[in-house]
Amino acid sequence: MYLQYVVDAIGTGSLYALMTLGLALVFSVMGLMNFAYGQLVMIGGFSIIMLRQQPWWAIILGTILVVVIASLLMERLAFRPVRAATAMTMLITSFALAQFLQQAARVAFGANPRPLEQFSELSVQYVVGDLFISRQTIITVVVAISIMLALTLLLKKTNIGIQLRASTEDVDMARLVGIKSNRVIASAFVISGVIAAIVSMLFFATRTNVSWSSGESIVLIAFVGAVIGGLGSMVGAALGGFLMGFAYTLLNALLPLELRVFADAFLYTIVIVVLLIRPSGLIAAKGARV
Amino acid sequence: MVESDRSDQLVTHGLSVHFDGVKAVDDVDLEVQRGRITGLIGPNGAGKSTLFNAVSGFVPLTAGRVVLGDKDITGWSPTRISQHGLVRSFQDTRIFKTLTVLENVELGAMNQGLNGAKGRDFAYGILELLNIKHLALESAGNVALGDERRAGIARAVATKPDMLLLDEPAAGLDEDETAELSLTIVDLCRELGCGVLLVEHDMSVIFGVCEWIHVMDSGKTIAVGTPQEIRTNPAVIEAYFGKERS
């Protein structure tokens, strides 16, 4: 039975690992912890509702397109004007943007959650010994690993990847050697937008509705994942996100019923303990601090 | 950049930098010609580093002008200055340690529009010029200090600068490494046809490679001339060598 929980937790962990990766990428390049990232996932959710009657490939491409455009608009209209400001200003800007997008979604789609027709193909279960593994879990893990490999290849083998890594390490020096920071930062927002779109498709595939507040909880867990993984470290972020999703699922499954309502409290207690032991996160990037 | 677009000289006119009333650099006229290695020397506190930082846009000027070729670059940002062909190295190298040595140099090549295989070949050529081709695929954070400095210079050189400002490139190097680096600097200047402004404490480097030397003391220029002229200049002996002897 415990192994079954572990299998489920791996699926959720993979999802959060992806989400955290998108957050960490933007943080690494411009020092912005974008709390409006959850609203990109929410926008992805509403895109799925709008496109639900289309073929599956149109849903995927359409959702990616919408979320990437939203991510680029975020960068251009909200964050670029405050790029030279303090980290606190950027953080507050991201909170304000998150609120704005939530309320805009509330006006556009209503205060009540909008029902999402289930993707029945994803709920197919495979039996492996005593374990039940859903197609959804397999897809989530495979997609997460594929995205991480693709991101690694992109960062290692392409010009924009090398420029992104250089900007991540020392953005001022990167500018001095001619790297165009606008282009690099916009690229980071495109990549993180693609990841947010994929997260939203994986996330809402198991949900029955989408609401204006849908992105709220997921971004908080991903943010904490990035912090315990090590801000500024991609590997650390993915690991931190995975552990958060993994621990969250296990706590919800294993805690006695009367304590289950306190699952979040247990989760964040573990986070505090981890940060007391490793204040810079599990895999600290050079110069990073929490 | 086509040859005719290149800046032939870097000149400062009456450049001054004051910090809270302290005249770190005071009314300095500096001239660096393309194709020539110019040394900038002076005892500690002479104002060399401040002048160097002011010319490259890292410190605001209190007065005066900086002219690169036919462009007045006074008040420009360091990025804009580097985009116009005046590129500097750093004492602490500021190399991208998580990138390989080759990737560091490729970044400079990308700035020239050289991408993919072309950029890689160009970067390998620069590394060969600096004798660190064998370290191309090493992580830049793992190489020895001397090689790290060379990698930093290689990255600057890969941007094909008109003027290359080298900030104490021999600091922390042993005698052999310093001698080798001196030869490299001469080769670079010859191969690239750029002007070099060299700030260096090691007099063997300065007198070994520079064709023109600018000497400062207490923020002011005290002598300008060929190495031979500087060696015998009484003001330099008094202000610089005299102080060293005492």
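Residues numbered from 1 in each chain as written. Chains lettered and ligands numbered in written order. Predicted model: local features only at pLDDT ≥ 70, side-chain atom pairs only at ≥ 80, totals over all residues. Heavy atoms only, no water.

K.L.:
What am I meant to see in the overall build of chain A here?
P.N.:
Scanning chain A for helices and strands turns up 11 helices and four strands. By the compact-globule yardstick of 19 Å for 290 residues, chain A fits well, its C-alpha radius of gyration being 19 Å. When the backbone C-alpha atoms are referred to their principal axes, chain A occupies close to 60 × 45 × 35 Å. The buried share of chain A, reckoned over its 290 residues, is 51%. Considering only residue pairs separated by 6 or more positions, chain A has 73% of its internal contacts joining residues 24 or more positions apart. As displayed, chain A has an accessible area near 13500 Å², and 70% of this comes from carbon and sulfur atoms. Positive and negative charge centroids in chain A, built from 18 and 11 side chains respectively, lie 11 Å apart. (Helix = DSSP H or I, 4+ residues; strand = E, 2+ residues; numbered from the N terminus. Rg over C-alpha atoms; globule rule 2.2 N^0.38 Å. Buried < 20%, exposed > 50% of the residue type's maximum accessible area, 1.4 Å probe, protein only. Contact = heavy atoms within 4.5 Å. Areas by Shrake-Rupley, 256 points an atom, 1.4 Å probe, with all protein chains shown as cover. Lys, Arg positive; Asp, Glu negative; His and termini not counted. Charge placed at Lys NZ, Arg CZ, Asp CG, Glu CD.)

K.L.:
Teacher, can you tell me more about the domain arrangement of chain B here?
P.N.:
You'll often see interface size given as the accessible area lost when the parts meet. Residue and element names in this part refer to chain B. With domains assigned, chain B is organised as domain 1 (3–85 + 161–245) and domain 2 (96–160). Summarising the inter-unit geometry, the C-alpha centres of domain 1 and domain 2 are found 24 Å apart. Facing 16 residues of domain 1, the contacting portion of domain 2 comprises 12 residues. Carbon and sulfur atoms make up 68% of the area that domain 1 and domain 2 hide from each other, which totals about 1200 Å². Three residues, P161, T184 and L188, lead the burial of domain 1 against domain 2; their summed loss comes to 33% of the area buried on that side. (Domains from an automatic or database assignment. Buried area = accessible area lost by both parts, 1.4 Å probe.)

K.L.:
Sorry, what's going on with the packing of helix α3 (residues 56–79) of chain A against helix α4 (residues 87–109) of chain A here?
P.N.:
Axis angle and axis distance: for two packed helices, these are the angle between their axes and the distance between the axes, and together they describe the pair. All names here are of chain A. At a minimum axis distance of 11 Å, the contact between α3 and α4 shows a crossing angle of 120°. One element, α3, and the other, α4, form an angle in the oblique class. Two packed elements cross with a definite hand, and for α3 against α4 that hand is right-handed. On the side of α3, the interface is formed by M74, A78 and F79, while α4 contributes M90, T93, S94, L97 and L101. Its residues assigned to classes, the contact of α3 with α4 comprises six nonpolar, two polar and no charged. (Axes fitted to C-alpha atoms, helices over the stretch in contact; angles between N-to-C directions. Parallel < 35°, antiparallel > 145°, perpendicular 65-115°, else oblique. Left-handed = near helix turned anticlockwise from the far one by under 90°. Nonpolar A, V, L, I, M, F, W, Y, C, P; charged D, E, K, R; others polar.)

K.L.:
Help me understand the interface of chain A and chain B, please; the structure alone is not making it clear to me.
P.N.:
Listed as interface residues are 17 residues of chain A and, on the opposing side, 21 residues of chain B. Overall, the association of chain A and chain B removes approximately 1700 Å² of surface from exposure, summing both partners, and the carbon and sulfur fraction of that is 59%. In terms of surface lost to chain B, no three residues of chain A exceed E169, L176 and V177 of chain A, which account for 35% of the buried area on that side. Our enumeration of links across chain A and chain B arrives at two salt bridges. Run the count over chain A and chain B and you get six residue pairs in polar contact (both at pLDDT 80 or more). (Salt bridge = Lys/Arg side-chain N within 4 Å of Asp/Glu carboxyl O. Polar contact = N/O pair within 3.5 Å; in protein donor to acceptor, adjacent residues only side chain to side chain.)

K.L.:
I tried to follow the sheet that holds strand β7 (residues 86–88) of chain B on my own but got confused; where do I start?
P.N.:
Whenever strands of a sheet pair, they do so through backbone hydrogen bonds, lying parallel or antiparallel. Residues and elements named next belong to chain B. Pairing within the open sheet is mixed, and its six strands lie in the order β7-β8-β9-β4-β10-β11. Unpaired on one side and paired on the other, β7 and β11 (220–225) mark the two borders of the sheet. Going across the sheet, the axis of each strand differs from the next one's by a mean of 20°, ignoring polarity. Pairing geometry for strand β8 (residues 163–167) and strand β9 (residues 195–199), over five bridges, is parallel. Bridge assignment links D167 to a residue of β9, and that residue is V199. Helix α1 (residues 48–55) rests against β4 (37–41), β7, β8, β9 and β10 (212–217) of the sheet, and its axis sits at about 145° to β8. (Pairing = 2+ DSSP bridges.)

K.L.:
Can you walk me through the packing of helix α5 (residues 145–157) of chain B against helix α6 (residues 175–192) of chain B in this structure?
P.N.:
Residue and element names in this part refer to chain B. Put simply, α5 and α6 touch, their axes get as near as 12 Å, and they point 10° apart. Taken together, the axes of α5 and α6 are roughly parallel relative to one another. Contacts between α5 and α6 involve G146, R150, I153 and V157 from the first element and E177, E180, L181, T184, L188 and L192 from the second. Residues of the contact of α5 with α6, tallied by class, amount to five nonpolar, two polar and three charged.

K.L.:
Just to check I follow, could you spell out the packing of aromatic side chains for this structure?
P.N.:
Aromatic ring pairs are defined here through the distance separating the ring centres and the angle between the ring planes. All chains considered together, the criterion is met by eight aromatic pairs over all chains. Between F35 of chain A and F95 of chain A, the aromatic rings sit 4.6 Å apart at their centres with planes inclined by 15°, giving stacked as the arrangement. Of this pair, F35 of chain A sits in the loop between α1 (2–30) and α2 (37–51) while F95 of chain A sits in helix α4, and the two are 60 residues apart along the sequence. Here the aromatic rings of F46 of chain A and F109 of chain A are separated by 4.0 Å at their centres, their planes lie at 5°, and the arrangement is stacked. Taken as a pair, F46 of chain A in helix α2 and F109 of chain A in helix α4 lie far apart in primary sequence, 63 residues in all. Among the aromatic residues, those joined into a ring-pair cluster are F35, F95 and F223 of chain A. Here the basic side chain of R106 of chain A rests over the ring of W212 of chain A, its NZ or CZ set 4.4 Å away from the ring centre. For the cation-ring pair, R94 of chain B lies above F90 of chain B, with the distance from its terminal atom to the ring centre recorded as 4.9 Å. (Phe/Tyr/Trp six-rings, centres within 6.5 Å; stacked < 30°, edge-to-face > 60°. Lys NZ or Arg CZ within 6 Å of the ring centre and 35° of its normal.)

K.L.:
In this structure, what is going on with a nonpolar patch on the surface? I would like to understand it.
P.N.:
A contiguous nonpolar patch, built from V124, Y126, V128, I138 and V142 of chain A and spanning about 390 Å² of accessible area, is present on the exposed surface. In this fold, I138 of chain A is placed in helix α5 (residues 135–157). (Patch = residues over 30% accessible without salt bridge, like charges linked within 9 Å, V, L, I, M, F, W, Y side chains within 5 Å.)

K.L.:
I would appreciate a short explanation of the pairing of β4 of chain B in the present structure.
P.N.:
Both faces of the sheet carry side chains from a regular strand, because those side chains alternate between them. Residues and elements named next belong to chain B. Within β4, five of the five residues are buried, which leaves it mostly tucked inside the rest of the structure. Side chains of β4 alternate between two faces, with I37, G39 and I41 and T38 and L40 buried alike. Pairing between β4 and β9: four bridges, direction parallel. Looking at the pairing, I37 lines up with V196 of β9. Across four bridges, β4 lies against β10 in parallel orientation. Paired with I41 across the two strands is V215, which belongs to β10.

K.L.:
I keep staring at helix α9 (residues 215–229) of chain A and nothing clicks. Help me out?
P.N.:
Think of an α-helix as 3.6 residues a turn; residues three or four steps apart then line up on the same face. All names here are of chain A. Relative to the 21 Å expected for 15 residues at 1.5 Å per residue, α9 spans 21 Å between its end C-alpha atoms, a close match to the ideal helical length. Listed in full, the buried residues belonging to α9 are G215, I218, V219, I221, A222, V224, G225, A226, V227, I228 and G229. Looking at the residues trailing α9, positive phi occurs at G230, about 125°. (Expected span 1.5 Å × (residues − 1).)

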